[in-house]
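Spelled out, the chains give:
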Amino acid sequence: MTSYGDGGVAIANSSISAGVESDVEIYTYNSGAGISIANSSISAGDGLNFEAGTDSYNYDGTISLNSSSLDAGGGYLGLYGGSILIGNSSLSANEGMDIDASQDLKIQSSNLYSGSGYGYIDIYGTNIAISDTELNTAGDLYFSISGSDGLGISNSSLEGDDYIDIEMGQNGGPITIQSSDLFSDGDVDISTNVSTDVGYLGDLVVQSSNITSDSLTMELDGGDSVAIAGNSTLTAQSNMTLTGDAVTVQDSVLQSGYGGNGTCGYVEIAGGHVVTVINSKIVAQTVEMHAADVDGSTLTVNKLNVDTATSISMAARTISLSNVNFPTGSSVNLVSSNGLLAPNPNTNAVPLVNYVNYVTNVQYNSQPAQNFTYVNGSPGSSGSSSSPTSPIQISSPVR
């Protein structure tokens, strides 16, 4: 069943159904001609395809779907338009779903489902806003965003069984995930810096949300900054990597390894200039935090629980630690610009640039950490140990 409209197509308060081996296609050809579906149900056994304003395949017509149901049966569902607005609606397709907006895309209070053992949901737009919505696919869930307003996900649930991939293209804006749950049996890869071309490198913010990669690797890559905050929990079955020019983890939990219990898990936090971890917990066997070896780089940690770690590495031009208890039996490597422990450790002294600073309550096995610290090149300085086999090693970078 195919419908053409030069001046636009409007469907309201209707029910349209095609047979098991049939599809439904709606096209508007004139530039700007839209498709409006309200309070209606459209179903087909072998797919649905709607294209608005298809003049020269620019797709500049608006698609508006309100309080309606689209069921593509065993086929594909495709929506191609300029702006696409989906509200209070249900979309389903067994083989896959493409939602492609050449302008803005808004999905609100809706349910999108694809796949019965396979399938996918691919979403494209300049700026994308998703709220109070559930997206669920047995395959991959993919987002591509190119607008300066970026991607906003709030109060929503997203599940891509194969993987979740969110990419911000050249000139794209920030990615914000607020009060939402993201889950995948495979990888979770979120990037605001996928283009090597000159363009805006957006920020990534995860606030009061849960992101779970049940197996393989989770990577969060923010071009300018990554911020994980507001009692968020990030879980990866194997490895987790957070990268950005500035990375902040606050009031949150990062857990990696089988079942998220730290067994064989690996968490890496990599900042270009700044890494800050405050009032958080990292559950992993191996923990690495490092800012680049560049002028002014800092690593600041205050109130961190790393009780499951056996190997801990931290590096920056200046390291400042407070309220950290390195667990018994763990191996700790701290690398600062000059490779020295700042004088007067654990006395609330003002941190010194280019040093490792034990500001206050830095412990190893619940005892003052300086007693277990060996400073390569200056044994015994600042109250440190003179034993080269001490579990905490401070050194300078190899340049």
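Residues numbered from 1 in each chain as written. Predicted model: local features only at pLDDT ≥ 70, side-chain atom pairs only at ≥ 80, totals over all residues. Heavy atoms only, no water.

Novice: What is the right way to read the overall build of the protein from this model?
Specialist: Counting its secondary structure elements, the protein contains 0 helices and 41 strands. Across its three principal axes, the protein shows a C-alpha extent of roughly 85 × 40 × 30 Å. Counting every position in the protein, which comprises 399 residues, the buried fraction comes to 49%. A sequence separation of at least 24 residues applies to 42% of the contacts in the protein between residues at least 6 apart. Just so you have it, the protein exposes about 15300 Å², and 44% of that area is on carbon and sulfur atoms. (Helix = DSSP H or I, 4+ residues; strand = E, 2+ residues; numbered from the N terminus. Buried < 20%, exposed > 50% of the residue type's maximum accessible area, 1.4 Å probe, protein only. Contact = heavy atoms within 4.5 Å. Areas by Shrake-Rupley, 256 points an atom, 1.4 Å probe, with all protein chains shown as cover.)

Novice: Looking at this model, I keep getting lost on the pattern of salt bridges. Mind explaining?
Specialist: Pairing is possible between side chains of opposite charge, provided their charged atoms come close. A full pass over the atoms with the stated rule returns 2 salt bridges. Between arginine 317 and aspartate 295 there is a salt bridge whose closest N-O contact spans 2.8 Å. In this pair, arginine 317 is assigned in the loop between strand 35 (311-315) and strand 36 (318-326) and aspartate 295 in the loop between strand 33 (286-291) and strand 34 (298-305), connecting sequence segments 22 residues apart. Residue class for aspartate 295 comes out exposed when judged on its relative accessible area of 66%. Among the charged side chains, a salt-bridge network with shared partners connects Asp293, Asp295 and Arg317. (Salt bridge = Lys/Arg side-chain N within 4 Å of Asp/Glu carboxyl O.)

Novice: Please clarify how the pairing of strand 7 (residues 48-52) should be interpreted in this entry.
Specialist: If a strand is regular, its side chains alternate between the two faces of the sheet. For strand 7, the tally of buried residues reaches 5 of 5 residues, placing the bulk of the element in the interior. One ladder, built from 5 bridges, connects strand 4 (residues 24-28) with strand 7; its direction is parallel. Within the sheet, the bridge partner assigned to tyrosine 27 lies in strand 7 and is glutamate 51. Across 4 bridges, the pairing between strand 7 and strand 10 (residues 76-81) is parallel. (Pairing = 2+ DSSP bridges.)

Novice: Mind showing me how you'd approach the pairing of strand 13 (residues 96-101) here?
Specialist: Of all the 6 residues making up strand 13, 5 are buried; the element is thus mostly covered by neighbouring parts of the structure. Pairing between strand 13 and strand 16 (residues 120-125): 4 bridges, direction parallel. Bridging across to strand 16, isoleucine 99 finds its partner in isoleucine 123.

Novice: How should the side chain of threonine 137 be read in this particular structure?
Specialist: Position of threonine 137 relative to the elements: it lies in strand 18 (residues 134-137). From its side chain, threonine 137 meets the backbone oxygen of glycine 119 in a polar contact 3.5 Å long. The contact partners of threonine 137, leaving out residues within four places of it in the chain, are Ser114, Gly119, Tyr120, Ile121, Glu159, Gly160 and Asp161. (Polar contact = N/O pair within 3.5 Å; in protein donor to acceptor, adjacent residues only side chain to side chain.)

Novice: Explain the confidence of the model for the protein here, please?
Specialist: Low pLDDT marks stretches whose predicted atomic positions should not be read closely. Across the protein, pLDDT averages 89, with 91% of residues at or above 70. Note on residues 195-201: pLDDT is under 50 here. Beyond four places in sequence and across chains, it has 15 contacts. (pLDDT = per-residue confidence, 0-100.)

Novice: Sorry if this is basic, but what is going on with the environment of threonine 192 here?
Specialist: Within the secondary structure, threonine 192 sits in the loop between strand 25 (187-191) and strand 26 (204-207). Threonine 192 sits in the buried class, given a relative accessible area of 1%. Sequence separation between threonine 192 and isoleucine 86 is 106 residues, and the spatial gap between their C-alpha atoms is 25 Å.

Novice: What is the right way to read the environment of asparagine 346 from this model?
Specialist: Relative to the helices and strands, asparagine 346 resides in the loop between strand 37 (331-335) and strand 38 (356-364). The class of asparagine 346 is partly exposed, set by a relative accessible area of 22%. Expressed as a C-alpha distance, the spacing of asparagine 346 and asparagine 30, which sit 316 residues apart in the sequence, is 72 Å. Apart from the residues within four sequence positions on either side, asparagine 346 is in contact with Tyr358, Val359, Thr360, Asn361, Val362, Pro368, Ala369 and Gln370. Within the local environment of asparagine 346, its side chain forms a polar contact with the backbone nitrogen of valine 362, the two atoms lying 2.8 Å apart.

Novice: How should the environment of glutamine 207 be read in this particular structure?
Specialist: By secondary structure assignment, the location of glutamine 207 is in strand 26. The partly exposed category is assigned to glutamine 207, whose relative accessible area is 26%. Between the C-alpha atom of glutamine 207 and that of aspartate 293, which follows or precedes it by 86 residues, the distance is 29 Å. The residues touching glutamine 207, leaving out its near neighbours within four places in the chain, are Ile177, Gln178, Ser179, Ala229, Gly230 and Ser232.

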